[in-house]
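An overview of the molecular structure
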Amino acid sequence: MSWRRLAAAAALIGAAAVASALAFGGPDPAHAAGLPACVHPQGRLSLPGPLARFPLPAGTVVECRQLRYGYAIYSGYVPGAINPVRDFLVSRLPSAGYRLGPGDAEAAEAEAAYSGHGVRGRWKVRAVPACPGALTIQIAVKASI
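1. Quick look at the pattern of salt bridges
For the structure on display, the rule yields three salt bridges. In this structure, Arg-86 and Asp-87 form a salt bridge, with 2.9 Å as the shortest nitrogen-oxygen distance. You can call Asp-87 partly exposed: its relative accessible area is 40%. The salt bridge partner of Glu-111 is Arg-122, with a shortest N-O separation of 3.2 Å. Of this pair, Glu-111 sits in strand β4 (residues 109-116) while Arg-122 sits in strand β5 (residues 119-127), and the two are 11 residues apart along the sequence. Exposure remark for Arg-122: the relative accessible area of 34% places this residue in the partly exposed category.

Printed below as a string of structure tokens:
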């Protein structure tokens, strides 16, 4: 068999595997993105336009939006540990055009205020009990969006 035929056969088998995974459920995209199997996101949302520049660590899944206390709160999961995720947000928010405000960090959570691009709010990450490698994330923003 020539290399061209072998490459074509491999491409065809790969395409069939992808089609099969799509047709029969395949791997959960949240877990394929790096979240541990002990968390189960119930959906996937995009952040609204005013938060479109808000940097999120790779593998983050935002799953819901709630209105509370005059804020829209976007919640989901982030793969990783508190310190690296906190450091990611603290370093990336300013370079994305957001100013950081007061915040604090403890062993199992970190949070800070932010403002920029016409919005202001707070972010918080928290360890998921009994699920190493998973954090919850909440991004609160004034409910005008």
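2. Some thoughts on the layout of surface pockets
By volume, the largest pocket amounts to about 220 Å³. Forming the walls of the largest pocket are Arg-68, Tyr-69, Tyr-71, Ile-73, Glu-111, Arg-122, Trp-123, Lys-124, Gln-138 and Ala-140. Per-element tally for the lining of the largest pocket: the top contributor is β5, with three residues. Residues of the lining of the largest pocket, tallied by class, amount to five nonpolar, one polar and four charged.

3. Some details on the pairing of strand β6 (residues 134-142)
In the sheet, strand β2 (residues 71-79) pairs with β6 via nine bridges, with the strands oriented antiparallel. Across the sheet, residue Tyr-74 finds its bridge partner in β6, namely Ile-139. Here β5 pairs with β6 via seven bridges, running antiparallel. Considered in β6, the bridge of Gly-121 is made with Val-141. Adjacent in sequence and paired antiparallel, β5 and β6 are bridged by six residues, among which Ala-130 carries a positive phi angle near 60°.

What counts and how
- Residues numbered from 1 in each chain as written.
- Predicted model: local features only at pLDDT ≥ 70, side-chain atom pairs only at ≥ 80, totals over all residues.
- Heavy atoms only, no water.
- Salt bridge = Lys/Arg side-chain N within 4 Å of Asp/Glu carboxyl O.
- Buried < 20%, exposed > 50% of the residue type's maximum accessible area, 1.4 Å probe, protein only.
- Helix = DSSP H or I, 4+ residues; strand = E, 2+ residues; numbered from the N terminus.
- 1 Å grid on protein atoms, 1.4 Å probe; cavity = no way out; pocket = protein on both sides within 12 Å on 5 of 7 lines; lining within 4 Å.
- Points joined across faces, edges and corners; volume = space filled by probe spheres on them.
- Nonpolar A, V, L, I, M, F, W, Y, C, P; charged D, E, K, R; others polar.
- Pairing = 2+ DSSP bridges.

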